[in-house]
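Working through the structure, step by step
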Amino acid sequence: MFRYDRILLAAAGLLALGICVAVAWEDARPGYAPYQEEFKSLVEERFGPERAAAVPAGLQQIWLEGAERVDRCTSCHMGVTWQGLDDVPQPFTSHPKAPLAHHPVERFGCTFCHGGQGYATELPAAHGWVEHWEEPLLDRHLSADYRFRDPLAFLQFRCNLCHRFDREIEGAPYINRGKRLIEQKGCRACHVINGRGGAIGPDLTRVGEKEPEQYDYSRLTSLPTLFGWQIAHLQNPKSYSPETVMPDFGFNTEDAQAIALVLLSWRDTDVPAELLPGAILRDVPTPEEAERERVMREGEGRFFVEKGCFICHDVSSFGIVSATKIGPDLALAVEDAPRRFGRTLDDFLMHPSGTMEVVLSKQIPLTEDERREAFELLKKAYEKHMKEQGAQDGGKPR
Ligand code: HEC
Ligand code: HEC
Ligand code: HEC
Ligand code: HEC
Ligand code: HEC
């Protein structure tokens, strides 16, 4: 005898269970699943069902052993290593060739270059758009926030986490420009970088690690971040530290962005040794650079570096080079000051007028003894200059 009511009851139970399972399944369905379906149909459309059947399914990940890091970006970004998908929308596009030529994804993953949160499989988390995540995806949005002309410029600071000791990195023009400016402007006269340089300003070797809270943003008009502060400070050091002797080098926005990207990259990294380039992992100066720096800091003109005169003045015969050249070359002051001010150099140094009155009363107060020392040194610099001139003119009297 059939008990229809029992069967009905059982059927209803099964149905309820089925609904529960379906809901749970949908909830547990990972964030990449819809993208994988879409990718599959995209491949089928373009390359036929055979290739589509070979599209991998489920969680995709690149395990970076030495770094104890796992990058799951390819769970959604399935076309990265495919050919012929340059024109499809993200996240399916073939990756641009150049960056991967030297950094195959099996070895390097994605996040060392792009930032973001490698192990996450949901979109906002993976791209690092979450609070307190320090390595957001360095994407077009972030570059736009800082008004970079190149929409992907921000990426380049991560290149320099590994390529710190390379002078030039192909594919990282901002970093190259920043490094060139740091060399040309003589930042090392005042700052230690990688263990060498002067001590007038703070050591910059790990300046990229400073906590954002350590800076004062009250005067900042751009974004209140470490990076925003660096750009603003480089363009106008005095407005952030009114007493600073750090010169205003007249950097334009792109110069300041380039240097700030380099500064941001100067920090400890968790990159394992096998992923660091084979370049010598030290900052080795060329012999000319080493000599130039030595002369600036230890040579007979070091007084003018220590006091900060070289911010505005060359003292050419002593090998002191000013990046700004706001004032005249002091090697000629002995003969030039009388012409310019109608009195002797020692008188001028004791009772300066014009710019130097302001400089010596506010910016660089010198004692009487120091002014005398400056005078004696400038006499020597002038004699040396004349001797060099004489030698150049073949010993002819002038
Ligand atoms: C859940 C799927 C998903 C995951 C996981 C994912 N992405 Fe994306 N990604 C997308 C989608 C969708 C887009 C295109 C829409 C957009 O830009 O928001 C995108 C866009 C991008 C872009 C271009 C953005 C721009 O505007 O410059 C980059 C770069 C990128 N992803 C890198 C990564 C990296 C690196 C990871 C791993 C840390 C990652 N993605 C993980 C789905 C994903
Ligand atoms: C060696 C560093 C490096 C690695 C490793 C790397 N990328 Fe890239 N990626 C770049 C650079 C540089 C660009 C921009 C290239 C260009 O536009 O010429 C780029 C571009 C992209 C774009 C397009 C961004 C846009 O807005 O147009 C996406 C998406 C992307 N990468 C995702 C990934 C994913 C996913 C991985 C890991 C499987 C990865 N990348 C690995 C350096 C890298
Ligand atoms: C995780 C560390 C790492 C990151 C990040 C990285 N590189 Fe590299 N790069 C390397 C290593 C290691 C090599 C040497 C590859 C090899 O031959 O083993 C290399 C090689 C290169 C080369 C070939 C020439 C040379 O110096 O050997 C270029 C060019 C280059 N990288 C540019 C870039 C650019 C541009 C970026 C940023 C988009 C970048 N790299 C990001 C580690 C890195
Ligand atoms: C004449 C000496 C002098 C020169 C040259 C100089 N600086 Fe400075 N710099 C200072 C002093 C002093 C400070 C500390 C006061 C301040 O914040 O301005 C400083 C501060 C800084 C800071 C902030 C450091 C921190 O710990 O917060 C950065 C970054 C910096 N300088 C970068 C540079 C760069 C890049 C150059 C070359 C383009 C340069 N400096 C050239 C003297 C100098
Ligand atoms: C902020 C920039 C600045 C600094 C720093 C500076 N000077 Fe000057 N200095 C000038 C300018 C500009 C002149 C040109 C005269 C004028 O415009 O008043 C000048 C002129 C001079 C002259 C006259 C030279 C001549 O050929 O007529 C002497 C000497 C001099 N400075 C010495 C020094 C000494 C010594 C120091 C360091 C203690 C120093 N200056 C620091 C800007 C500076």
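In this convention, every chain numbers its residues from 1, walking through the sequence in written order. The naming scheme follows written order: chains are lettered A onward, ligands numbered 1 onward. Only residues with pLDDT of 70 or above have their local features reported here, since the model is predicted, and side-chain atom pairs are shown and tallied only from 80 upward, although totals for entire chains, interfaces and linings are computed over all residues.

Secondary structure assignment for the chain yields 19 helices and four strands. Using C-alpha atoms as the atom set, the radius of gyration is obtained and then compared with a globule rule of 2.2 Å times the number of residues to the power 0.38. The C-alpha atoms of the chain give a radius of gyration of 31 Å, which is well past the 21 Å a tight globule of 398 residues would have. Each of the three principal axes of the chain carries a C-alpha extent, and together these read 130 × 45 × 35 Å. Once C-beta atoms are placed from the backbone, each residue is buried if 20 or more other C-beta atoms lie within 10 Å of its own, exposed if 12 or fewer, and partly exposed for counts between those two. By residue count, 25% of the 398 residues in the chain fall in the buried class. The contacts in the chain between residues at least 6 apart in sequence include a share of 47% that link residues at least 24 apart. A run of DSSP states H or I qualifies as a helix once it reaches four residues; a run of E qualifies as a strand once it reaches two. Both are numbered from the N-terminal end. A pair of residues counts as a contact when their C-beta atoms, built from backbone coordinates, are separated by no more than 7 Å.

With that out of the way, let us pick up the site of ligand 5. The criterion for a residue being near a molecule or strand is simple: its C-beta atom, placed using the backbone, must lie within 6 Å of it. Not every one of the 25 residues close to ligand 5 is listed here, only the nearest: C309, C312, G327, D336 and G354. Counting residues per element, the ones that place at least two in the shell around ligand 5 are α16 (333-341), α17 (345-350) and α18 (355-363). Residues are grouped as follows: Ala, Val, Leu, Ile, Met, Phe, Trp, Tyr, Cys and Pro are nonpolar; Asp, Glu, Lys and Arg are charged; every other residue, Gly included, is polar. Looking at the shell around ligand 5 residue by residue, the classes come out as 16 nonpolar, six polar and three charged.

Moving on to the packing of α16 against helix α19 (residues 368-392). Where α16 meets α19, the closest approach of the two axes is 9 Å, and the angle between their N-to-C directions is 110 degrees. Between α16 and α19, the crossing angle belongs to the class labelled roughly perpendicular. Between α16 and α19, the contacting residues are A333, V334 and E335 on the first element and L378, K379 and Y382 on the second. Here the residues of the contact of α16 with α19 are counted per class, giving four nonpolar, no polar and two charged. Axis angles are defined between N-to-C directions and span 0 to 180 degrees, where every axis is a line fitted to C-alpha atoms and, for a helix, only to the segment in contact. Should an angle fall under 35 degrees it is called roughly parallel, over 145 degrees roughly antiparallel, and 65 to 115 degrees roughly perpendicular, with every other angle called oblique.

It is worth spelling out helix α11 (residues 226-235) at this point. With nine of its 10 residues buried, α11 lies for the most part within the structure. By the burial criterion, the buried members of α11 are L226, F227, W229, Q230, I231, A232, H233, L234 and Q235.

All right, on to the domain arrangement of the chain then. The domain limits used here are those given by an automatic or database domain assignment. In terms of domains, the chain is made up of domain 1 (30-136), domain 2 (153-275) and domain 3 (287-392). Summarising the inter-unit geometry, the C-alpha centres of domain 1 and domain 2 are found 31 Å apart. If you look at the interface, domain 1 gives nine residues, while domain 2 gives eight residues. Each residue belonging to the side of domain 1 that touches domain 2 can be placed in one class, and the counts come to six nonpolar, three polar and no charged.

This part is about the nonpolar core. To count as a nonpolar core, a set of buried Ala, Val, Leu, Ile, Met, Phe, Trp, Tyr and Cys residues must be joined through C-beta atoms within 7 Å. Of all hydrophobic cores here, the largest spans 27 residues; its most connected members are F154, I259, A260 and L261. When residues of this core are traced back to their parent elements, those giving at least two are α9 (156-162), α10 (173-184), α11 and α13 (253-265). No other element matches the eight residues that α13 contributes to this core. Apart from the residues lying within four places of it in its own chain, the contact partners of A260 are F227, Q230, I231 and L234.

Close to ligand 2 lie 19 residues; H77, P99, H103, C110 and C113 are nearest. Those elements that place two or more of their residues in the shell around ligand 2 are α5 (105-108) and α6 (111-114). A class-by-class count of the residues in the shell around ligand 2 yields 10 nonpolar, seven polar and two charged.

Trans peptide bonds make up the majority, and among non-glycine residues the majority have a negative phi. The step from Q90 to P91 runs through a cis peptide bond, and the omega angle for that step is 10 degrees. Relative to the assigned elements, P91 resides in the loop between β2 (69-71) and α4 (97-101). Phi is positive for E68, close to 45 degrees, though the residue is something other than glycine. Tracing the sequence through the fold places E68 in the loop between β1 (62-64) and β2. Phi is positive for N194, which is not a glycine, with a value near 55 degrees. Among the residues examined, N194 registers 17 C-beta atoms within 10 Å and is labelled partly exposed.

Mapped onto the elements, A120 comes out in the loop between α6 and α7 (123-126). Residue classification places A120 among the partly exposed residues on the basis of 18 C-beta atoms within 10 Å. Residues A120 and S75, 45 residues apart in the sequence, show an inter-C-alpha distance of 9.9 Å. Beyond its immediate sequence surroundings of up to four residues, A120 is in contact with A125 and A126.

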